[in-house]
There are 2 protein chains.
Amino acid sequence: MTGLSTSETFSSGTAEEEAYLYVLKAIRTGRLAPGTRLIPEDIAGEIGMSRMPVREAFRRLSTEGLVLIRTNRGCVVAGLSVEEIYEVFEMRSVLEGLAVRLATPRLDGDDFAELERLLARMQRGDQASDDWVTPHREFHEYLCSFSRRPKLIRQIARLHAAIEPYLRIWFHHAEKPVSADEDHRVILEALRTGDAARAESVIERHILDTAPALAAVVGETRQ
Amino acid sequence: MTGLSTSETFSSGTAEEEAYLYVLKAIRTGRLAPGTRLIPEDIAGEIGMSRMPVREAFRRLSTEGLVLIRTNRGCVVAGLSVEEIYEVFEMRSVLEGLAVRLATPRLDGDDFAELERLLARMQRGDQASDDWVTPHREFHEYLCSFSRRPKLIRQIARLHAAIEPYLRIWFHHAEKPVSADEDHRVILEALRTGDAARAESVIERHILDTAPALAAVVGETRQ
DNA sequence: CTCTGGATAAGTGGATACACAAATCCAAAC
DNA sequence: GTTTGGATTTGTGTATCCACTTATCCAGAG
């Protein structure tokens, strides 16, 4: 689960929903790179529907910041500038800080075990899929889910979706960001103490510290 | 300026934009109360267009949480439960905290004068319009604008739009929330010291402290 | 060769049309 | 009087169509 498929609209068999999930996945996985022009008719063709539901999916993606619609000029995948990457990380830092603060008192032994498991998957890049990003996201999402704040969780998921393509570039560019592994250990440790304020500040710091490295890689690939 | 009219889509003369702003305003001002069913055809009629652009406006509003779309069952104005009101205030507290932290070093004397002016308008309920909410929003928006973080500002505006109807109920129910006036003085004072961390925590506290009073009034009017 | 402008193609926003789902209403059965 | 089930109405989701805007391309002027 990604937290985004559960949007305000109940997911169900509508064409709009299908189009939304289809484009969302393509953007998150990087198949549709920032700047790519999205032509409703083409996408509609790919998944067998007319372009109306695709247009509506674009609206949703646009509000979520994943896509940019300019009047009469179509829809493009919304890249982030370096400043915007920092901005998204700043927002994530305080929102996930809040989520973790609320989650801390609700975690028990089994939950820590699950978090450890996700951490392990992350460290070995997971089964042959060569994917560090997915378990990383799952770690954060699993943690945030204990806040029991649906709107908060969804908002965090949206912000994550916006940076996910760049995380993948980072992962492929440098090797697996090794410093993050230590970070996550520290987070787990703080959580175990049950000190909500400390857990909050640790995760805030963790997220903010990730930003410059990511921004550097992205800035580099743009020259 | 509300911060919402400047959405991801450049505002311009499209029908969708017009429909969006029309419904947004109606919800914010309370003309369309939570739970009200929104029938695309009717709204389209009111502003002279077909229902397609109205539907697209609904999608946007839905993503912003102001409206709820259930498949094949139409669109209703999304009320907030008491828990959700708390949730929105929690999110606002950390996001506005961040915004104010970033804004603090950028404020100069003229800006304080403007903030004082907005505060004064707020205290006397503004010129006969009997409206405390608008200058209150403007105070917060003006302050946040100095953070220079477009996405952050927009997100805060969205959260504010969701609670604005309830602020109006509060304002009409009780008289002008007088405790808030003192709060805002304290905020200004903290800002003047230039201590970003202190300003951040003061505004976080201010926002969180507002929630219970509002929740109480709302819970009351629901029985 | 480069630049300009206008024809042509491509694509967007919006309106209309139609099939289907859900809600409503009403009458018959209990 | 209440309940049940089916016609009718209302409204939603999607496809198609049209008008208009923007992008592309190409020929002629410089």
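Residue indices begin from 1 for each chain and proceed along its sequence in written order. Chain letters start at A and ligand numbers start at 1, both assigned in the order the entries are written. In keeping with the predicted nature of the model, local features appear solely for residues at pLDDT of at least 70, side-chain atom pairs appear and are counted solely at 80 or more, and the whole-chain, interface and lining totals rest on all residues. Values shown for side chains rest on all heavy atoms present in the structure; no hydrogens or waters enter the calculation.

Caption draft 1: Seen up close, the pattern of salt bridges. Note on definitions: salt bridges are taken to be side-chain nitrogens of Lys or Arg within 4 Å of carboxyl oxygens of Asp or Glu. Taken as a whole and assessed by the stated rule, the structure comprises 34 salt bridges over all chains. Here Arg59(B) and Glu16(A) are joined by a salt bridge, their closest N and O atoms 3.7 Å apart. Of the two residues, Arg59(B) is situated in helix α3 (residues 51-63) and Glu16(A) in helix α1 (residues 15-28); the pairing between them involves two chains. Here Glu90(B) makes a salt bridge to Arg149(A), at a shortest N to O gap of 2.7 Å. In this pair, Glu90(B) is assigned in helix α4 (residues 82-103) and Arg149(A) in the loop between α6 (133-145) and α7 (150-173), connecting two distinct chains. Across this residue pair, the class does not change: Glu90(B) and Arg149(A) are buried. The network of salt bridges with common partners includes Glu16(A), Glu17(A), Glu56(A), Arg60(A), Arg55(B) and Arg59(B). The numbering of helices and of strands both runs from the N terminus, where a helix is a DSSP run of H or I of at least 4 residues and a strand a run of E of at least 2. The rule is simple: take the accessible area with a 1.4 Å probe, protein chains only, and divide by the maximum for that residue type; under 20% is buried, over 50% is exposed, in between is partly exposed.

Caption draft 2: The interface of chain B and chain A, seen in detail. Residue contacts are defined here by distance: any two heavy atoms, one from each residue, within 4.5 Å place the two residues in contact. With 37 residues of chain B at the contact, the number on the chain A side is 37 residues. Throughout, buried area stands for the accessible area (probe radius 1.4 Å) lost by two parts on being put together, summed over both. Across the chain B/chain A interface, buried area totals approximately 3400 Å², and carbon plus sulfur atoms make up 57% of it. Three residues, Arg59(B), Thr63(B) and Lys151(B), lead the burial of chain B against chain A; their summed loss comes to 19% of the area buried on that side. Inspection of the chain B/chain A interface yields 8 salt bridges. In protein, a polar contact requires one atom able to donate a hydrogen and another able to accept it; more generally it is a pair of N or O atoms within 3.5 Å, and residues adjacent in sequence count only if both atoms are side-chain atoms. Applying the counting criterion to the chain B and chain A interface returns 12 residue pairs in polar contact (both at pLDDT 80 or more).

Caption draft 3: Inspection of helix α5 (residues 109-123) of chain B at higher detail. Residues and elements named next belong to chain B. To estimate how far a helix should reach, multiply one less than its number of residues by 1.5 Å. With 15 residues, α5 extends 21 Å between its outermost C-alpha atoms, agreeing within 8% with the 21 Å of an ideal straight helix rising 1.5 Å per residue. Looking at α5, one finds that the buried residues are Asp111, Phe112, Leu115, Leu118, Leu119, Arg121 and Met122. At the N-terminal end of α5, a side-chain oxygen is found 3.0 Å from the backbone nitrogen of Asp110, two or three residues along, and the residue is Asp108.

Caption draft 4: Inspection of the protein's contact with DNA strand D at higher detail. If a single non-hydrogen atom of a residue is within 4 Å of a molecule or strand, that residue counts as near it. Neighbouring DNA strand D are 20 residues, the closest being Ala15(A), Ser50(A), Pro40(B), Arg51(B) and Arg55(B). Considering the 4 Å shell around the protein, atoms of DNA strand D inside it are sugar or phosphate in 69% of instances. A distance of 2.3 Å separates a base oxygen of DNA strand D from a polar atom in the side chain of Arg51(B). For DNA strand D, a phosphate oxygen lies 2.9 Å from a polar atom in the side chain of Arg55(B). Contributions of two or more residues to the surface near DNA strand D are made by α1 and α3 (51-63) of chain A together with β1 (37-38) and α3 of chain B. In terms of residue class, the surface near DNA strand D is made up of 8 nonpolar, 6 polar and 6 charged. Only Asp, Glu, Lys and Arg are considered charged, only Ala, Val, Leu, Ile, Met, Phe, Trp, Tyr, Cys and Pro nonpolar, and every remaining residue, Gly among them, polar.

Caption draft 5: Looking closely at the sheet that holds β1(B). Residues and elements named next belong to chain B. Pairing within the open sheet is antiparallel, and its 3 strands lie in the order β1-β3-β2. With one partner strand each, in any of the chains shown, β1 and β2 (67-70) form the two edges of the open sheet. Two strands make a pair as long as DSSP finds a minimum of two bridges between them. Where β1 lies against strand β3 (residues 74-77), 2 bridges are found, and the strand directions are antiparallel. Across the sheet, Leu38 pairs through a bridge with Cys75, a residue of β3. Lines fitted to C-alpha atoms define the axes, with helix axes restricted to the stretch in contact, and inter-axis angles between N-to-C directions lie between 0 and 180 degrees. Lying over the sheet, α3 contacts β1, β2 and β3, oriented at roughly 115° with respect to β2.

Caption draft 6: The packing of α7(A) against helix α9 (residues 196-220) of chain A, seen in detail. Residue and element names in this part refer to chain A. Where α7 contacts α9, the axes come no closer than 10 Å and their chain directions differ by 80°. It follows from the interaxial angle that α7 and α9 lie roughly perpendicular. From α7, Tyr166, Leu167, Ile169, Trp170 and His173 reach across to α9, where they touch Thr210, Ala213, Leu214, Val217, Val218 and Glu220. In terms of residue class, the contact of α7 with α9 is built from 8 nonpolar, 2 polar and 1 charged. For classification purposes, an angle smaller than 35 degrees is called roughly parallel, one larger than 145 roughly antiparallel, one from 65 to 115 roughly perpendicular, and anything else oblique.

Caption draft 7: Geometry of the relation of the copies chain B and chain A. The least-squares superposition of copies is restricted to C-alpha atoms, and to residues with a pLDDT of at least 70 in both copies. When chain B is fitted onto chain A, the two copies agree to an RMSD of 0.1 Å after a turn of 180° and an axial shift of 0.0 Å. What the superposition gives is, in effect, a two-fold axis relating one chain to the other. In this assembly, 100% of the residues forming the interface of chain B have copies in chain A that are likewise at the interface, indicating an isologous arrangement.

Caption draft 8: Focus on unusual backbone geometry. Its identity as a non-glycine residue notwithstanding, Arg148(A) has a phi of 60°, on the positive side. Residue placement: Arg148(A) occurs in the loop between α6 and α7. Despite not being glycine, Asn72(B) has its phi angle at roughly 65°, a positive value.

Caption draft 9: Region of the structure containing helix α6 (residues 133-145) of chain B. A rise of 1.5 Å per residue sets the reference length of α6(B), with its 13 residues, at 18 Å; its end C-alpha atoms lie 18 Å apart and thus fit the reference within 8%. Three or more residues of α6(B) are buried, namely Val133(B), Thr134(B), Pro135(B), His136(B), Arg137(B), Phe139(B), His140(B), Leu143(B) and Cys144(B).

Caption draft 10: Fine view of the packing of aromatic side chains. Pairing of aromatic rings covers Phe, Tyr and the six-membered ring of Trp, with a centre-to-centre limit of 6.5 Å; geometry is then stacked below 30 degrees between planes, edge-to-face above 60, and tilted otherwise. On inspection of all chains with the given rule, the structure shows 6 aromatic pairs over all chains. Here Trp132(B) and Trp170(B) contribute two aromatic rings whose centre-to-centre distance is 6.2 Å and whose plane-to-plane angle is 85°, an arrangement assigned as edge-to-face. With Trp132(B) in the loop between α5 and α6 and Trp170(B) in helix α7 (residues 150-173), this residue pair connects regions lying 38 residues apart in the sequence. Judged by relative accessible area, which is 1%, Trp132(B) ranks as buried. Classification of Trp170(B) as buried rests on a relative accessible area of 9%. Relative to Phe146(B), the ring of Tyr142(B) lies with its centre 5.1 Å away and its plane at 85°, an arrangement referred to as edge-to-face. Judged by its relative accessible area of 23%, Tyr142(B) is partly exposed. Ring pairs connect the aromatic residues Trp132(A), Trp170(A) and Phe171(A), which therefore count as one cluster.

Caption draft 11: Focus on the protein's contact with DNA strand C. Among the 19 residues in the neighbourhood of DNA strand C, the closest are listed as Pro40(A), Arg51(A), Arg55(A), Ala15(B) and Ser50(B). Here, DNA strand C places atoms within 4 Å of the protein, and 66% of those atoms are sugar or phosphate. Side-chain polar atom of Arg37(A) to a sugar or linking oxygen of DNA strand C: 3.2 Å apart, as the coordinates give it. In the environment of DNA strand C, a base oxygen lies 2.5 Å from a nitrogen or oxygen atom belonging to the side chain of Arg51(A).

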